[in-house]
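Single-letter residue listing:
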Amino acid sequence: MQRRLTYTVGKDNADASPRDWFVATALATRDRLVPSWLASTKRNYREDRRRVYYLSLEFLIGRLLIDTLTNLGLTEAMRDALAELGVDLDMLRALEPDAALGNGGLGRLAACFMDSMATLEIAAMGYGIRYDHGLFRQTLKDGWQHEYPEDWLSFGNSWQFPRPEITYDVGFFGHIESSRLADGMLAHVWRPGETIVAVAYDTPVVGWRGKHVNTLRLWSARAPDALRLDAFNQGDHVGAQSEQARAEAISKVLYPSDSTPAGQELRLRQEYFFASASLQDLIRRHMRQTGDIRRLADKVAIQLNDTHPAIGVAELMRLLVDVHGVGWKEAWRITQATFSYTNHTLLPEALETWPVQLMERLLPRHMQIIYLINAMHLDLLREKGASDAATLSSVSLIDERNGRHVRMGHLAFLGSHKVNGVSALHSALVKETVFKDFHRLYPDRIVNKTNGVTFRRWLLEANPPLSRLLADTIGAGVFDEPERLIELEKFADDVEFQNRFAAAKRENKARLATTVFERVGVRVDPAALFDAQIKRIHEYKRQLLNVLEAVAFYQDIIAQPAREFAPRVKIFAGKAAASYHQAKLIIKLANDVAKVVNADPATRGLLKIVFLPNYNVSLAETIIPAADLSEQISTAGMEASGTGNMKFALNGALTIGTLDGANVEIRERVGDDNIFIFGLTAREVEECRAKGIDARETIAASPRLAEALRAIAGGVFSPDDPHRYAQLVDTLTYYDHFLVAKDFDAYWEAQRRVDARWRDQKAWRRSSILNTARVAWFSSDRTIREYAQEIWNVAV
Ligand code: 26W
């Protein structure tokens, strides 16, 4: 550290700022993993190991200092060394900006998977984009969300190794030249009209106990160098500047939407840019290793994280056929055997399609290849006798309905040997809905891989008090073998252990209370029940249902001044896509309700509501260990899996939730008595919607809901603008697509079951311990083991 401070940062101890110390500490930590990194790379070559490539437009990493120290087993040594220099490790920890190169669940899953792939010593590499700006910073002004650019690189990045020598050309636009080969076959060469250069930046990803280190390779976009540009610009330096800006725009900023595709040319450029650079890079590695392109599928598995890299299917076909001279049929066999695809959502509006016209202009050769794949695919169907017009149009790569579009989900499905959903329920629904016809034709292709989370970050690092207690009680080996968490079961009724378990939770709650006061100025009592809903703001996630329950609870408290209620703190956090007006209005409503409730002495302090701004990985690490209750209340059938649900249960929170996503599997494991399930099932949701979603009767039949809606619509929480929520309440009344009204009474009743359990602290603690004890299966190590065995065919 001292050496790094002096020779790399260039400061002496007297002049060093806390940030200088952070940089020196990060670099000193990094130094310690480099030997293992180099050894892992050598071993991968020496043993000629099958490689896994995880292609993802998002990696929601968060901070790396404590994570790296933990995996290397150096946290305490580093803490002591810094203390001797008069520096506090926890103070440095907070200085690191989050790497927020993702929107939400999908991006965070990719980061957990990187940790698990390194832990299982898989020869894996993540590929993505090195965005200059990650997910926007959220502020709240008077309860309204505002977005500001995020700037994680402004003080450099200590974990990253720039690799200016590793570059690839990525083409766009242009035309195709065809020529006849000696054997009479046609050869095609794409002559791009524009070339962008992809430059590699590598971040080492160290697994548990530091045994194996993989690489996350992120691409940055540059214009071709000045000499090459000059050839086009003939000395027009101003023109050259704008070309540079146009090139660099590709890796400038993460698209901040987690559901509706932007449909912008720049987004397709991002997708192709990183897919092409990654494929060129992995093929070059493969050729160096084997010299035989035809063995690609024997040595390489590529996982597509949603359809965002699906253009890679056409790009691999182009590279195989046009560049490496492989015949079409064999190229297709290699492509299918190499790729697999994970679907993360059923929301129809989230399924990516690209206008044929745009694809033809931007990627003309890929459009030809997509047509060829489609022709081959539809021919095969006719052979199989499945050629009725309805089937053909539903499985075509081209959607002809309103303006022709390329369906990226279909391309990913056809180009893969396995397609997976991310929870048991979601995978079943994938077979019944979006890929129904495909499933009939390829019944073995769709499989389930229930998500998981890394216990290193989400238990060991985020929750030191509980981790110490676990190590004391069942041994530190639990961090090598999470299945040993089950040994906690026998302590579930042990009052002494219950007290220690509760004391750990209490310590985390006190810390969160401090954070809450610092960030929003509200005092909350750590003795109250901490109830948290933290995730992207989305109508289907139903933060509105939670707010309505808060309003009804508030009305109950003030209506019955003599009655005892279990004190609650409702914690919300999450970002809304900038253009998602309804989601932003829900944020405003939560804040408006919070303001009135928190200021009303009639609540006797029994209800506090806080909305913490700028939700990110680091804030999640503070909230999750402190939560008593985890809100997982999506409209059944709409949340593919959820992963926050797993993190909360692991940290001893009880779940209140619908039978949606992985909640179903959490219930199977923790047991019906230790989770609060309510509401319509996915099937019932479907039936309900078929019957119509006018909620007037439902509301009329629920005095409590009616009263809450009356207050909101009447401006009780928005005296400055009494009509602010008129439309919101109207929509819910006449067009309740997300079944908020339909599920309200069941939710209210489930919340009262929560209260009853809370009043019996022994029973609560028992359930809480059993949650931690029984969720070992949700380790992402288990998930990755399944991918390795059933999709990638690599030994673990
Ligand atoms: C093209 C715009 C866009 C961007 C991102 C569409 C869709 C997405 C993602 C699919 C959104 C996402 O993060 N989905 C979440 O993935 C998690 C990991 O599998 C699941 O746990 C969540 O349920 C799912 O919503």
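What counts and how
- Residue numbers run consecutively from 1 along every chain, following the written order of its sequence.
- At least 70 in pLDDT is required for a residue's local features to be given in this predicted model, at least 80 for side-chain atom pairs to be given and counted, and no such filter applies to totals for whole chains, interfaces and linings, which use all residues.
- The basis for every side-chain value is the complete set of heavy atoms in the structure, and neither hydrogens nor water enter the calculation.
- Geometry is summarised by axes, namely lines fitted to C-alpha atoms with helices restricted to the contacting stretch, and by angles between N-to-C directions that run from 0 to 180 degrees.
- Elements are defined by DSSP. Helices are runs of H or I of four residues or more, strands are runs of E of two residues or more, and each kind is numbered from the N terminus.
- An angle below 35 degrees is treated as roughly parallel, one above 145 as roughly antiparallel, one from 65 to 115 as roughly perpendicular, and anything else as oblique.
- Here, residues are in contact when the closest pair of their heavy atoms is within 4.5 Å.
- Helix span, as expected, comes to 1.5 Å for every residue beyond the first.
- Each residue is placed in one exposure class: buried if its accessible area under a 1.4 Å probe, protein chains only, is under 20% of its type's maximum, exposed if it is over 50%, and partly exposed if it falls in between.
- In short, DSSP must find at least two bridges between two strands for them to pair.
- UniProt positions are given in the numbering used here, feature names are shortened, and annotations may be inferred rather than shown by experiment.
- Gly is placed with the polar residues, together with every amino acid not listed as nonpolar (Ala, Val, Leu, Ile, Met, Phe, Trp, Tyr, Cys and Pro) or charged (Asp, Glu, Lys and Arg).
- In these notes, residues near a molecule or strand are those with any non-hydrogen atom within 4 Å of it.
- Residues adjacent in sequence count toward polar contacts only when both atoms are side-chain atoms; beyond that, a polar contact is any pair of N or O atoms within 3.5 Å, and within protein one must be able to donate a hydrogen and the other to accept it.
- Computed by Shrake-Rupley with a 1.4 Å probe, the accessible areas treat only the displayed protein chains as cover when residues are assessed.
- Charged residues are defined narrowly, with Lys and Arg counted positive, Asp and Glu counted negative, and His plus the chain ends left uncounted.
- Criterion for a salt bridge: a side-chain nitrogen of Lys or Arg within 4 Å of a carboxyl oxygen of Asp or Glu.
- Buried residues of nine kinds, namely Ala, Val, Leu, Ile, Met, Phe, Trp, Tyr and Cys, make up a nonpolar core once their side-chain atoms join them within 4.5 Å.

S.K.: Honestly, the packing of helix α20 (residues 464–474) against helix α21 (residues 495–520) in this entry has me stumped. Any pointers?
M.R.: A pair of packed helices is characterised by two quantities: the angle between their axes and the separation of those axes. Where α20 meets α21, the axes come as close as 8 Å, and the angle between the chain directions of the two elements is 155°. With respect to α21, the element α20 is oriented roughly antiparallel. Counted together, P465, L466, R468, L469, D472 and T473 of α20 and F497, R500, F501, A504, E507 and N508 of α21 form the full contact between these two elements.

S.K.: Before we go on, may I ask you to explain helix α11 (residues 311–323) in this structure?
M.R.: In this model α11 runs 17 Å from its N-terminal to its C-terminal C-alpha over 13 residues, within 8% of the 18 Å that 1.5 Å per residue would give. Of all 13 residues in α11, 11 are buried; the element is thus mostly enclosed. Taken residue by residue, α11 has I311, G312, V313, A314, E315, L316, M317, R318, L319, L320 and V321 as its buried positions.

S.K.: Sorry if this is basic, but what is going on with the sheet that holds strand β16 (residues 405–407) here?
M.R.: Two pairing modes exist for strands in a sheet, parallel and antiparallel, and in both the strands are linked by backbone hydrogen bonds. Read from one edge to the other, the open sheet built from 3 strands follows the order β14-β16-β15, with strand pairing classed as antiparallel. Sheet topology places β14 (353–355) and β15 (398–399) at the edges, where each strand pairs with a single neighbour. Strand direction decides the pairing type here: β14 and β16, joined by 3 bridges, are antiparallel. Note on β16: the bridge partner recorded for P355 is H405.

S.K.: Would you explain the sheet that holds strand β12 (residues 300–305) in this entry?
M.R.: If you walk across this open sheet you meet the 9 strands as β7-β10-β11-β4-β1-β12-β13-β17-β18, and the pairing is mixed. With one partner strand each, in any of the chains shown, β7 (161–172) and β18 (446–448) form the two edges of the open sheet. Averaged over all adjacent pairs, the angle separating strand axes in this sheet is 25°, with direction ignored. Of the pairings in the sheet, the one linking strand β1 (residues 51–55) to β12 comprises 5 bridges and is parallel in character. In the sheet register, R51 faces β12, and the bridge partner there is V300. Lying on the sheet, helix α9 (residues 265–290) is in contact with β1, β4 (124–129), β7, β10 (194–206), β11 (213–222), β12 and β13 (339–342); it crosses β7 at an angle near 115°. Here helix α12 (residues 328–338) sits on the sheet and contacts β12, β13 and β17 (416–421); the angle it forms with β13, its principal contact strand, is near 45°.

S.K.: Can you help me understand the UniProt feature "modified residue: N6-(pyridoxal phosphate)lysine" (unreviewed entry) in the protein chain in this one?
M.R.: Under the UniProt annotation, "modified residue: N6-(pyridoxal phosphate)lysine" (unreviewed entry) lies at K647. Note on placement: K647 falls in helix α25 (residues 644–650). Once residues lying within four places of it in the same chain are set aside, the contact partners of K647 are R108, V453, W458 and I624.

S.K.: Just to check I follow, could you spell out the packing of helix α6 (residues 105–119) against helix α33 (residues 780–792) for this structure?
M.R.: At a minimum axis separation of 9 Å, α6 and α33 run at an interaxial angle of 75°. When the axes of α6 and α33 are compared, the pair comes out roughly perpendicular. Counting all contacts with α6, which are made through C112, F113, S116, M117 and T119, the residues of α33 involved are S780, D781, T783, I784, Y787 and W792. Of the residues contributing to the contact of α6 with α33, the split by class is 6 nonpolar, 4 polar and 1 charged.

S.K.: Mind showing me how you'd approach the site of the ligand here?
M.R.: Near the ligand you find 21 residues, and of these L106, H344, N451, E639 and G642 are the closest. In the environment of the ligand, an oxygen atom lies 2.7 Å from a nitrogen or oxygen atom belonging to the side chain of E639. G642 places a main-chain nitrogen or oxygen 2.8 Å from an oxygen atom of the ligand. Isolated, the ligand exposes 570 Å² of accessible area, and the fraction of that covered by the protein chains is 95%. Of the residues assigned to the shell around the ligand, the class counts are 6 nonpolar, 10 polar and 5 charged.

S.K.: What is the right way to look at the side chain of R50 in this model?
M.R.: Among the structural elements, R50 can be located in the loop between α2 (18–46) and β1. Buried and unpaired, R50 has no salt bridge, with D298 as the nearest side chain of opposite charge at 6.0 Å. Within the local environment of R50, its side chain forms a polar contact with the backbone oxygen of A297, the two atoms lying 2.6 Å apart. There is a polar contact of 2.6 Å between the side chain of R50 and the backbone oxygen of W792. R50 has contacts with A123, A297, D298, K299, V300, A301, W792, N793 and V794, leaving out every residue within four places of it along the chain.

S.K.: Please explain the nonpolar core as it appears in this structure.
M.R.: Soluble, globular proteins show a tendency: their nonpolar side chains are buried together. By size, the foremost hydrophobic cluster in this structure holds 199 residues, and its most contacted members are M117, I122, F172, W219, F273, M359 and W792. In terms of residues, this core owes the most to one element, α9, which gives 9 residues. F676, A706, Y725 and V754 belong to the second-largest nonpolar core, a separate cluster that totals 64 residues.

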